[in-house]
Amino acid sequence: MAASSAAIISAALWVSSTTWSRWERGRQEIRPVYRARMAEVFGVDPAEVERWIEGTAPVDTEAWLIPDFSDLSLGATVETVGRLWRCDVDPERRHVLAALPFVPAALGGWLSEWSYGAPVASAAYQGSGAVVGLSDVRRIKETREVFSQMDHRFGAGAIRPAVVDYLHSTVEPLLRGRYDDKVGAALMTAAAGMTLQAGWTAFDLGRNGQAQHYFGQALKLAKVAGDSLTGAWVLTTMTIQALYLEQPSWAVRLARAAVDTAQRAQAPPRVMAQLLSREAWATALQVHMSDAGDGHGAKRVEQLLAEVERLYAQGATDRDPAWGAWFEPTEPVAEAGICWSLIGDHRRSAACVEAVLREYGERRFRSAQLSRVSAVDAYLGLGELEQAIDSVRTAIPMARSLTSPRLVGRIQKFSDRLEPYSATIQVREFRAYLDRELVS
């Protein structure tokens, strides 16, 4: 197994890389506590772990693939992403990927290699498949945009199997084809976008380790393509995952890496607005989770939000990437509302959320429900318990029509926050209603 993969897996198992290496070589006994941890991490029956260790069945390390930036050659990149997609469509192995944990230890190396790793000399490739042209690349991009629209409308569960199958059955054969440098760079960019889409759907389904695998592979594909804007897109998506997992330090590092990458690429104003909005959110979460008051951090959030508003007002340009179009006028306002609430300005936060809820259409159905849940922090901060409950109550029936465990998890987390008010009739009725609706 590659050294970086071993380091990340050992971190997931709470042991050193040296210990993992000794286990792999059979030089150190694996104690029962770690055998149990292996079963938990890889999502398998304990008996299967025993078969691995005792040598009665091969260990399926192929399904543990971690993006390895040490080899950016075309051949190695194509082989690595292809194995990931094959594992995800294989019924015998996909459960291992789905059970993998989110491992923050992986992020530092990826950021370093993204920023400082040597670029690939050429994206030309002479594989065993057919000749690939720019028309093939366009089809991948157009298909991703359709998947993205469906994801926003129906949730990840409705499209994830189709996305992964498309990567395996359509994108992988193209990567193994023959193409020149121009087509190769465009193909790697398109593959990065579709791989990012697969990672996003895993994230929306609550499979954060699996999502992290896909995000890392998407970042590697963007690196091979030499595409800074796509790299910034991947990094800002990874920022969102870190935010939802309440990893503020990593969220700030990822957000700043996205901003730095985009600035070097002279990104258009609305792209910069999107990336700075995520940096503001990450900074606000860091302020919120700090033990002591952070006046400097709060001031930084205000400055970033002002810059987001200024840049967004400059409008779209013909240089905006397709993914930037999804940062519609509602999005900077919605994200600002989250930021204001995190730094304690609940009245301003409530105004932002109420403004965007009037504007959301069916295309952003999941975003609307997430905003209703986000409004809770503002209303509770203002002492408006009944309004907070009403906001989430509205989202519950709509959440049932979406295959988005992320949204359901946010609603359940809100229920936990109501514990200080558990004796009130409003909370007792709401919790009873929530239990009935989620069970049904």
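Described below are features of the structure shown in this document.

1. Some details on unusual backbone geometry
At E246, a residue that is not glycine, the phi angle is positive and equals roughly 55°. Within the fold, E246 resides in the loop between α12 (228-244) and α13 (248-264). According to the relative accessible area criterion, E246 is partly exposed, its value standing at 38%. Here Q266, not a glycine, exhibits a phi torsion of approximately 55°, which is positive. As for its placement among the helices and strands, Q266 is situated in the loop between α13 and α14 (269-289).

2. Here's the deal with the pattern of salt bridges
Throughout the structure, instances matching the rule amount to 13 salt bridges. Residue R278 pairs with E335 through a salt bridge whose shortest N-O separation is 2.9 Å. Here E335 lies in helix α16 (residues 330-342) and R278 lies in helix α14, a separation of 57 residues in the sequence. A single burial state applies to R278 and to E335, both of which are buried. Taken together, the shared-partner salt bridges connect E79, R83, R86, E172 and R176 into one network.

3. Some thoughts on the packing of aromatic side chains
One pass over the full model with this rule turns up eight aromatic pairs. Consider the rings of W233 and W323, whose centres lie 5.5 Å apart with planes at 5°: the pair is stacked. With W233 in helix α12 and W323 in the loop between α15 (295-312) and α16, the pair connects residues that are 90 residues apart, well separated along the chain. Look at W233 and you get buried, because its relative accessible area is 13%. Classification of W323 by relative accessible area gives buried; the value is 7%. The structure contains a cluster of three or more aromatic residues connected by ring pairs, namely W200, F203, Y244 and W281. It is R270 that lies over the ring of Y312; its NZ or CZ is 3.9 Å from the centre.

4. Description of the packing of α15 against α16
One way to put it is that α15 packs onto α16 with a least axis distance of 11 Å and a crossing angle of 170°. Overall, the two elements α15 and α16 adopt an arrangement that is roughly antiparallel. Contact with α15, carried on its side by V301, E302, L305, V308 and Y312, involves P332, A336, C339 and W340 of α16 and no other residues of that element.

5. Thoughts on the environment of L167
Relative to the assigned elements, L167 resides in helix α9 (residues 160-175). The spatial distance from the C-alpha of L167 to the C-alpha of A198 is 8.7 Å, given a sequence separation of 31 residues. For L167, the residues in contact, after removing those within four places along its chain, are W85, E172, M194, T195, A198 and Y214.

6. Some details on the nonpolar core
Judged by nonpolar contacts, the single largest core of 93 residues is most densely connected at L175, M188 and L235. The element contributing the most residues to this core is helix α10 (residues 181-204), with 13 residues. Discounting residues that sit within four places of it in the chain, L175 has contacts with V78, V81, W85, Y125, L187, M188 and A191. Among the nonpolar cores identified, the runner-up in size contains 23 residues, and L370, L380, A388 and I396 belong to it.

About the thresholds
Residues numbered from 1 in each chain as written. Predicted model: local features only at pLDDT ≥ 70, side-chain atom pairs only at ≥ 80, totals over all residues. Heavy atoms only, no water. Helix = DSSP H or I, 4+ residues; strand = E, 2+ residues; numbered from the N terminus. Buried < 20%, exposed > 50% of the residue type's maximum accessible area, 1.4 Å probe, protein only. Salt bridge = Lys/Arg side-chain N within 4 Å of Asp/Glu carboxyl O. Phe/Tyr/Trp six-rings, centres within 6.5 Å; stacked < 30°, edge-to-face > 60°. Lys NZ or Arg CZ within 6 Å of the ring centre and 35° of its normal. Axes fitted to C-alpha atoms, helices over the stretch in contact; angles between N-to-C directions. Parallel < 35°, antiparallel > 145°, perpendicular 65-115°, else oblique. Contact = heavy atoms within 4.5 Å. Core = buried A, V, L, I, M, F, W, Y, C linked by side-chain atoms within 4.5 Å.

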